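Tertiary structure, described
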Amino acid sequence: EIDVPESHPRYQSLLTRHRIEDGVDRGITTRQGLIAEGRGEAFDYLLGERTISSSDDAARVAAALLLLAERPAISVNGNVAALVPAETVDLAAAVNADVEVNLFNRTDDRMRSIVAHLREHGTDEAGVAVRGLDADARIPGLDHERATVDADGIGNADVVVVPLEDGDRAAALAAMGKAEVVIDLNPLSRSAQAATVPIIDNVVRAVPNITGHARDLSGASRAELEATVRGFDADGALGAAEDAIRSGELG
Ligand code: ATP
Ligand code: MG
């Protein structure tokens with residue numbers, strides 16, 4: 001469907017961009033989502049379009065946190081649905097999380113399209129609950145649209161994964177006392193700074209990476225998982241990503 005030679009130096013990046021364009025055509029992703037993708041691409045370019053080691057460590061901590069969680073939830077917006085639908089379902093299945101569609105610009109049509117898109121990527125077969133349509137709870141401190149969540153999903157979750165979340169919402173979720181895993185390519189973004197575990201990486205690499213770590217840690221004891229989480233330094237991880245960008249060693 002897309003004609004990019006694999007030898008092209010920006011092959012992965014062009015594929016990712018195409019998936020976002022396709023998401024817009026299908027009514028899953030918004031035009032604002034295209035702009036967010038552009039901002040992400042710029043940071044990914046500066047990171048060398050690779051998973052730096054501090055972000056791999058953060059992904060492992062995120063996996064441990066999710067395995068320890070009682071009610072984990074993964075938030076899905078239009079960009080996440082376009083870029084990593086199957087990978088998100090895999091992660092949810094690996095850590096027993098619900099997925100919840102949660103949109104910056106919430107419309108019924110888009111909510112339904114994304115729920116259907118996730119179902120097409122195997123949520124039922126994987127035993128993963130898809131939430132977001134109940135809209136029966138609110139996040140305190142946000143305006144109506146942005147505050148809406150499902151009580152049985154993000155509303156009562158103890159650990160939330162929020163890829164590409166807007167900064168205000170990430171801060172409001174943290175203020176509710178939830179442990180938050182944020183995946184964002186910009187280490188300076190307010191979202192990343194509000195996170196319990198910031199993963200400075202592209203969502204297309206980070207989501208399957210967390211799943212891999214979760215599978216790897218599936219036999220670990222609670223004590224081992226807790227030690228993994230306790231040893232994590234969020235500010236250190238943000239600083240390491242900023243250093244990687246400033247050092248300018250493109251991968
Ligand atoms: P702030 O967090 O400071 O409030 P924002 O969230 O309002 O900023 P947006 O313009 O919504 O800023 O930016 C979207 C964010 O998503 C950017 O930080 C960008 O780096 C990140 N992003 C975009 N695409 C990806 C991707 N594929 N993987 C990871 N992060 C991405
Ligand atoms: Mg942000």
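Criteria and thresholds
- Residues numbered from 1 in each chain as written.
- Chains lettered and ligands numbered in written order.
- Predicted model: local features only at pLDDT ≥ 70, side-chain atom pairs only at ≥ 80, totals over all residues.
- Near = placed C-beta within 6 Å.
- Helix = DSSP H or I, 4+ residues; strand = E, 2+ residues; numbered from the N terminus.
- Nonpolar A, V, L, I, M, F, W, Y, C, P; charged D, E, K, R; others polar.
- Core = buried A, V, L, I, M, F, W, Y, C linked by C-beta atoms within 7 Å.
- Buried ≥ 20, exposed ≤ 12 C-beta atoms within 10 Å, placed from the backbone.
- Contact = placed C-beta atoms within 7 Å.
- Expected span 1.5 Å × (residues − 1).
- UniProt positions renumbered as here; feature names shortened; annotations may be inferred.
- Axes fitted to C-alpha atoms, helices over the stretch in contact; angles between N-to-C directions.
- Parallel < 35°, antiparallel > 145°, perpendicular 65-115°, else oblique.
- Pairing = 2+ DSSP bridges.
- Arc of directions from axis to C-beta.

Brief notes about the site of ligand 1
As a structural note, the neighbourhood of ligand 1 is formed by 18 residues, with A36, G40, G167, N186 and S189 the closest of them. Those elements giving two or more residues to the shell around ligand 1 turn out to be helix 2 (31-46) and helix 10 (190-194). The greatest single-element share of the shell around ligand 1, amounting to 5 residues, is contributed by helix 2. Of the residues contributing to the shell around ligand 1, the split by class is 7 nonpolar, 6 polar and 5 charged.

Some points on the nonpolar core
Counting 66 residues, the largest nonpolar core has A62, L65, L66, V182, I199 and V203 as its most contacted members. A per-element tally of this core places helix 3 (residues 53-68) first, with 9 residues. Once residues within four sequence positions are removed from consideration, A62 is found in contact with V181, V197, I199 and I210.

Brief notes about helix 11 (residues 203-216)
Every α-helical turn comprises 3.6 residues, leaving residues that sit three or four positions apart pointing alike. Compared with an ideal rise of 1.5 Å per residue, which puts 14 residues at 20 Å, helix 11 spans 20 Å between its outermost C-alpha atoms and is within 8% of the ideal. In terms of burial, helix 11 is largely enclosed, as 10 of its 14 residues are buried. Listing the buried residues of helix 11 in full gives V203, V204, R205, A206, V207, N209, I210, T211, H213 and A214.

Brief notes about the UniProt feature "binding site: ATP" (unreviewed entry) in the chain
Per the UniProt record, the feature "binding site: ATP" (unreviewed entry) sits at R17, R39, D184, L185, N186, R190, S191, N202 and V203. Their sequence span is 187 residues, while the largest C-alpha to C-alpha distance among them is 23.9 Å; these annotated residues do not converge on one region. Relative to the helices and strands, R39 is located in helix 2. Within the element layout of this structure, D184 appears in the loop between strand 7 (179-183) and helix 10. For D184, a count of 29 C-beta atoms within 10 Å corresponds to the buried category. Once residues within four sequence positions are removed from consideration, D184 is found in contact with L164, S189, S191, A192, P198 and I200.

Remarks on the packing of helix 1 (residues 11-25) against helix 2
Interhelical geometry of helix 1 versus helix 2 gives an angle of 170° and a closest axis separation of 10 Å. Of the possible angle classes, the one that applies to helix 1 and helix 2 is roughly antiparallel. Side by side, helix 1 and helix 2 meet where S13, R17, I20 and V24 of the first sit next to R31, G33, L34, E37, E41 and D44 of the second. For the contact of helix 1 with helix 2, the residue count by class is 3 nonpolar, 2 polar and 5 charged.

Some points on the sheet that holds strand 8 (residues 197-199)
An order of 3-2-1-6-7-8 is seen for the 6 strands of this open sheet, with the pairing classed as parallel. The strands lining the two open edges of the sheet, one partner per strand, are strand 3 (130-131) and strand 8. With 2 bridges connecting them, strand 2 (residues 98-101) and strand 3 associate as parallel partners. If you follow E100 over to strand 3, its bridge partner there is R131.

With respect to helix 1
The terminal C-alpha atoms of helix 1 lie 21 Å apart, and with 15 residues this matches the ideal 21 Å at 1.5 Å per residue to within 8%. Regarding helix 1, the residues found buried are T16, I20 and G23. One side of helix 1 holds all its buried residues, which, seen down the axis, span an arc of 55°. Just downstream of helix 1, G27 is the residue with a positive phi angle, here 80°.

Looking at unusual backbone geometry
Unlike most non-glycine residues, N96 shows phi in positive territory, near 60°. Relative to the elements of secondary structure, N96 occurs in the loop between helix 5 (85-95) and strand 2. Phi at A135 is positive, roughly 50°, even though this residue is not glycine. Mapped onto the fold, A135 is located in the loop between strand 3 and strand 4 (137-138). The partly exposed category is assigned to A135, around which 16 C-beta atoms lie within 10 Å.

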